[in-house]
Amino acid sequence: MAIARLHGGPLDGQTLPLDDETSDRLILPYSETQVVYERAGAAENTGEGDGPTSSEFHFVEAEGDIDPSTDERDDRVTSDD
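Residues numbered from 1 in each chain as written. Predicted model: local features only at pLDDT ≥ 70, side-chain atom pairs only at ≥ 80, totals over all residues. Heavy atoms only, no water.

(A) Expanded view of the overall build of the protein. Scanning the protein from terminus to terminus reveals one helix and five strands. Listing each helix as α and each strand as β along the protein from the N terminus yields β-β-β-β-β-α. In the protein, buried positions account for 23% of the 81 residues. Within the protein, counting contacts between residues at least 6 apart in sequence, those at least 24 apart form 43% of the total. Roughly 5800 Å² of accessible area belongs to the protein as shown, and the carbon and sulfur atoms make up 44% of that amount. (Helix = DSSP H or I, 4+ residues; strand = E, 2+ residues; numbered from the N terminus. Buried < 20%, exposed > 50% of the residue type's maximum accessible area, 1.4 Å probe, protein only. Contact = heavy atoms within 4.5 Å. Areas by Shrake-Rupley, 256 points an atom, 1.4 Å probe, with all protein chains shown as cover.)

(B) Structural view of the sheet that holds strand β2 (residues 15-18). An order of β2-β1-β5-β4-β3 is seen for the five strands of this open sheet, with the pairing classed as mixed. The open sheet has two free edges, formed respectively by β2 and β3 (25-30), since each of these has just one partner strand. Neighbour-to-neighbour, the strand axes of this sheet turn through a mean angle of 35°, independent of strand direction. When strand β1 (residues 2-7) meets β2, the two strands line up antiparallel, connected through four bridges. Considered in β2, the bridge of I3 is made with P17. (Pairing = 2+ DSSP bridges. Axes fitted to C-alpha atoms, helices over the stretch in contact; angles between N-to-C directions.)

(C) Structural context of the side chain of T53. Locating T53 in the fold gives a position in strand β5 (residues 53-62). Of note is the side chain of T53, whose polar atom sits 3.2 Å from the backbone oxygen of N45. Those residues in contact with T53 that lie beyond four places of it in its chain are M1, A2, I3, E21, A43, E44, N45 and T46. (Polar contact = N/O pair within 3.5 Å; in protein donor to acceptor, adjacent residues only side chain to side chain.)

So yeah, pure geometry; function would need other evidence.
Take a look at the structure:
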């Protein structure tokens, strides 16, 4: 199994399992839109016994507007008291 390490954008610092090790582009759901990451550089740890193969992916764009404050608002409970 391979791992995608995400850099930049709203998913910065996250790692995800990478089903297709040859994929150069990831399109991932985020809130009500999608975010796009592209591979940067060659895969690492490709030998036997050196851990899972990993590839870095860097944020390219969001298909729609990303407003993290909207997500935070949805998590709060409002009261009319």
